[in-house]
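Structural description and commentary
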Amino acid sequence: MFADQVKIYIRSGKGGDGHVGFRRELFVPAGGPNGGDGGKGGDVIFVVDEGLNTLSDFRHMKKYCAPNGEDGGKNRCHGADGEDLIIKVPEGTVIRDAESGRVIADMSHGNKRVTVLKGGRGGKGNQHYATATMQAPKYAQPGQRAMELVVTLELKVIADVGLVGFPNVGKSTFLSRVTNARPKIANYHFTTLNPNLGVVDLPDGRGFVIADIPGIIEGASDGVGLGFEFLRHIERTKVMIHIVDAASVEGRDPIDDIYKINAELEAYNPEIAKRPQVIAANKIDTLYEGENDDAITLLREEFEPKGIKVFPISAVSGKGVRELLFYVREMLDQIGDEPVVFEPEYVPMNTDVEEPYTVSVEDGVYVVEGPRIEKMLGYTNLESEKGFDFFQKFLKENGILDELEKAGIQEGDTVRMYGLEFDYYK
């Protein structure tokens, strides 16, 4: 089955933790800190692979995780960085956040490589936290957490022109006539179950790409027939060729068919319904001369006053096809070559910035140390009631009070922070 939409889980690598270590050296407190930094976690990168044309590979593998960075080591050894995870997708793939539906990246028109999730930064070793007042820090920075996300991959083929119309009106025959594409053709509904692409060659290299979308029918917005399953592939198109059965071989009214298809396009995406159209009145080779004139006249009277040109054609014999193609080329020239690109609406960010701290017990006194705590004490006035309440809130929000309770602290026990001592009470 043609796979053009999948949902996958992706996760970048966690940063390696910084190391707490000390070298043995005479007259240096605790030997001097020499803990190395942790390595950076791997990024999750999407890359366009020209050899792919579906998302079928993702149907069997739904989880993609980049390697973590290694922890730092002693003697200032830096942990190894995690390797980046490369995910290959076909050109035209749109990456969306699965929860909100917002666009993260559009892998088309030169956008060949995008880093979607960045790996976590490696934590700093304790060598970075030595100060005049804390010459032997016993803490290091943990690595930054990994980023994780569930994304939806949607393949929207890159085509200039889209073919729309009811099943069995001759879209596949038309595509095989004007391009080198060889779609399956048979006299029954929904012969085309997958989108087909073909390139129209015109003089002076002025060709264009056509996408044949499997037949949309009345009620598609409610899931009838193939529903809207493949209409995403005409979202990049600039012009639509609306093919109808002018001969009414199956007893259908071509004018009514056009209105019904346009109503379904409107239900799917109003912007698509507003795009320029041209009507290809197909199967004129099966009409008698008088019937031919009557059918085409009715279509022209109905739609040409609305700015929609009608071309009588025969996809089988090729009659009228050349004129239609040159007219479509002129429409594309007027619209311009600006590609239809889905702009990013969401950038995943890792806002996790952890500062290290330690909780230890020395001679019955609970000692709390860490660079952020030291900075906090530097600008907080603990003599005032408001300042002390602010400091208490800081300890609670950063999990320090929880760590003290895990260490076994009881009411009335003494807590020391950089020379400041106070009794602990809930």
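Residues numbered from 1 in each chain as written. Predicted model: local features only at pLDDT ≥ 70, side-chain atom pairs only at ≥ 80, totals over all residues. Heavy atoms only, no water.

1. Observations regarding the overall build of the chain
Helix and strand counts for the chain come out as 8 helices and 18 strands. For the chain, with 426 residues in total, the buried portion stands at 48%. A separation of at least 24 residues holds for 72% of the contacts in the chain among residues at least 6 apart in sequence. Accessible surface, the chain: about 21600 Å² in total, of which carbon and sulfur atoms supply 48%. (Helix = DSSP H or I, 4+ residues; strand = E, 2+ residues; numbered from the N terminus. Buried < 20%, exposed > 50% of the residue type's maximum accessible area, 1.4 Å probe, protein only. Contact = heavy atoms within 4.5 Å. Areas by Shrake-Rupley, 256 points an atom, 1.4 Å probe, with all protein chains shown as cover.)

2. A few points about unusual backbone geometry
Phi is positive for His109, which is not a glycine, with a value near 50°. If you trace the backbone, His109 turns up in the loop between β6 (103–107) and β7 (113–117). Judged by relative accessible area, which is 38%, His109 ranks as partly exposed. Even without being a glycine, Asn168 presents a positive backbone phi close to 70°. Its location among the elements puts Asn168 in the loop between β9 (161–164) and α1 (171–178).

3. What to know about the packing of aromatic side chains
Considering all chains together, one arrives at 5 aromatic pairs under this definition. On the numbers, 5.8 Å between centres and 55° between planes, the contact of Phe58 with Tyr64 is tilted. In terms of burial, Phe58 and Tyr64 fall into one category: buried. Lying over the aromatic face of Phe342, Lys156 brings its terminal NZ or CZ to 5.3 Å of the ring centre. (Phe/Tyr/Trp six-rings, centres within 6.5 Å; stacked < 30°, edge-to-face > 60°. Lys NZ or Arg CZ within 6 Å of the ring centre and 35° of its normal.)

4. Here we look at the pairing of strand β4 (residues 85–89)
Of the two faces of β4, the one holding Leu85, Ile87 and Val89 is buried and the one holding Ile86 and Lys88 is not buried anywhere. Sheet analysis places strand β2 (residues 44–48) next to β4, joined by 5 bridges and oriented parallel. Bridge pairing in β4 places Val47 opposite Lys88. (Pairing = 2+ DSSP bridges.)

5. Section: the sheet that holds β7
Strand order in the open sheet made by the 3 strands is β4-β2-β7, with mixed pairing throughout. Here the strands that pair on one side only, and so sit at the sheet edges, are β4 and β7. Geometrically, the sheet is characterised by an average inter-axis angle of 30° between neighbouring strands, direction not taken into account. (Axes fitted to C-alpha atoms, helices over the stretch in contact; angles between N-to-C directions.)

6. Brief notes about the pattern of salt bridges
The final tally for this structure, using the stated rule, is 18 salt bridges. Residue Glu397 pairs with Lys393 through a salt bridge whose shortest N-O separation is 3.9 Å. Linking Glu397 with Lys393, this pair stays in helix α7 (residues 385–397), spanning 4 residues, or about one helical turn. Residue Glu397 shares its accessibility class with Lys393, and that shared class is exposed. (Salt bridge = Lys/Arg side-chain N within 4 Å of Asp/Glu carboxyl O.)

7. Side note on the environment of Lys156
Secondary-structure assignment places Lys156 in the loop between β8 (148–155) and β9. Of the residues examined, Lys156 reaches a relative accessible area of 1% and is grouped as buried. Taking the C-alpha atoms as reference points, Lys156 and Ser108, separated by 48 residues in sequence, lie 9.4 Å from one another. Other than its neighbours up to four places away in sequence, Lys156 contacts Gly92, Val94, Arg96, Arg232, His233, Glu235, Arg236 and Phe342. At 3.1 Å, the side chain of Lys156 and the side chain of Glu235 are in polar contact. (Polar contact = N/O pair within 3.5 Å; in protein donor to acceptor, adjacent residues only side chain to side chain.)

8. Some points on the nonpolar core
Among the nonpolar cores identified, the biggest contains 36 residues, and Phe174, Phe208, Ile210, Ile241, Leu324 and Val328 are the most heavily contacted of them. Per-element tally for this core: the top contributor is helix α5 (residues 321–335), with 6 residues. Here Phe174 is in contact with Leu163, Ile210, Ile241, Ile243, Ile313, Ala315, Val321, Leu324 and Leu325, once residues within four sequence places are set aside. Core analysis: the second largest hydrophobic core is formed by 25 residues, Val48, Phe58, Leu153 and Leu155 among them. (Core = buried A, V, L, I, M, F, W, Y, C linked by side-chain atoms within 4.5 Å.)

9. Overview of the pairing of β2
Burial analysis of β2 places 5 of its 5 residues in the buried class, the great majority of the element. Here β2 shows two buried faces, one formed by Val44, Phe46 and Val48 and the other by Ile45 and Val47. Note that β2 and β7 share 4 bridges and pair antiparallel. Within the sheet, the bridge partner assigned to Ile45 lies in β7 and is Thr115.

10. Considerations on the side chain of His242
Its place among the elements puts His242 in strand β12 (residues 239–245). Classification of His242 by relative accessible area gives buried; the value is 1%. Non-local contacts of His242, meaning those with residues more than four positions away in its chain, are made with Val164, Gly165, Asp257, Ile258, Ile261, Asn262, Gln277, Val278, Ile279 and Ala280.

11. Examining the packing of α1 against α5
Closest axis-to-axis distance for the α1/α5 pair is 12 Å, and the angle between their directions is 85°. When the interaxial angle is binned, α1 and α5 end up roughly perpendicular. Side by side, α1 and α5 meet where Phe174, Arg177 and Val178 of the first sit next to Val321, Leu324 and Leu325 of the second. Partitioned by chemical class, the residues of the contact of α1 with α5 number 5 nonpolar, no polar and 1 charged. (Parallel < 35°, antiparallel > 145°, perpendicular 65-115°, else oblique. Nonpolar A, V, L, I, M, F, W, Y, C, P; charged D, E, K, R; others polar.)

12. A look at α5
For α5, spanning 15 residues, the distance from its first C-alpha to its last is 21 Å, which sits close to the expected 21 Å at 1.5 Å a residue. Within the sequence span of α5, burial applies to Val321, Leu324, Leu325, Val328, Arg329, Met331 and Leu332. Down the axis of α5, the buried set is contained in an arc of 160°. They therefore lie on one face. Opposite the buried face of α5, at more than 90 degrees from it, the exposed residues are Arg322 and Gln334. A positive phi of about 100° marks Gly336, the residue just after α5. (Expected span 1.5 Å × (residues − 1). Arc of directions from axis to C-beta.)

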